[in-house]
Amino acid sequence: FIFSLILRVVGFEGPFSLFLYFVVIANVGLAVFNLLPIPPLDGSKLLYALFPHNLALQQSLERYGFFLLIMVIFFWGSWLGQLIQFVARLFLPGAS
C-alpha cells in the first residue's frame, strides 16, 4: 500500500518506479493468492469462520487441499491472473 502511494506521488517513469511497480504487483498477487479459500492458505480460515462447523468436510478439505490448490492453479490460473490484475489496478490506477 505504501509503495503504491509513493508511485502515485513520484509517477510511473524511471527504474525506481518500475521496481516499485513490480513490488506492488507481487504483493497484490501474493495477497490475492493467499486469500483463496483452499485449506493450506489463509482464505480457508475465513471459509471455516463463515460457514457452520462440519468437521468431516473440514478434514477432507485439509487432506486434499494441496491437490485442490494445484488444480486451481492449473485450470484457473488465467482467471486468477485477471483477478490479480484487477486488484492491482485498484492500487495503481495510473498504470496500464
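Residues numbered from 1 in each chain as written. Predicted model: local features only at pLDDT ≥ 70, side-chain atom pairs only at ≥ 80, totals over all residues. Heavy atoms only, no water.

(A) Spotlight on the overall build of the protein chain. A count of helical and extended segments in the protein chain gives four helices and zero strands. In the protein chain, the succession of helices and strands from N to C terminus is α-α-α-α. Taking 96 residues into account, the globule formula puts the C-alpha radius of gyration at 12 Å, and the protein chain, at 17 Å, lies well above it. When its C-alpha atoms are laid out on the principal axes, the protein chain stretches across 55 × 25 × 15 Å. Taking contacts inside the protein chain between residues at least 6 apart in sequence as the whole, the part at least 24 apart equals 56%. When the accessible area of the protein chain is evaluated, it comes to approximately 7,100 Å², of which 73% is carbon and sulfur surface. (Helix = DSSP H or I, 4+ residues; strand = E, 2+ residues; numbered from the N terminus. Rg over C-alpha atoms; globule rule 2.2 N^0.38 Å. Contact = heavy atoms within 4.5 Å. Areas by Shrake-Rupley, 256 points an atom, 1.4 Å probe, with all protein chains shown as cover.)

(B) View of the side chain of S44. Tracing the backbone shows S44 in helix α3 (residues 43-50). A relative accessible area of 1% means that S44 is categorised as buried. Among the polar contacts made by the side chain of S44, one reaches the main-chain carbonyl oxygen of P39 at a distance of 3.1 Å. Beyond its immediate chain neighbours, meaning those up to four positions away, S44 contacts L36, P37, I38 and P39. (Buried < 20%, exposed > 50% of the residue type's maximum accessible area, 1.4 Å probe, protein only. Polar contact = N/O pair within 3.5 Å; in protein donor to acceptor, adjacent residues only side chain to side chain.)

(C) Fine view of the nonpolar core. Ranked by internal contacts, the top residues of the largest apolar core, which has 15 residues, are L7, V24, V28, V32, L36, L80 and I84. Among the secondary structure elements, those contributing two or more residues to this core are α2 (15-34) and α4 (55-91). It is α4 that provides the largest number of residues to this core, a total of six residues. The contacts of V28, once residues within four sequence positions are left out, are I84, V87, A88 and F91. (Core = buried A, V, L, I, M, F, W, Y, C linked by side-chain atoms within 4.5 Å.)

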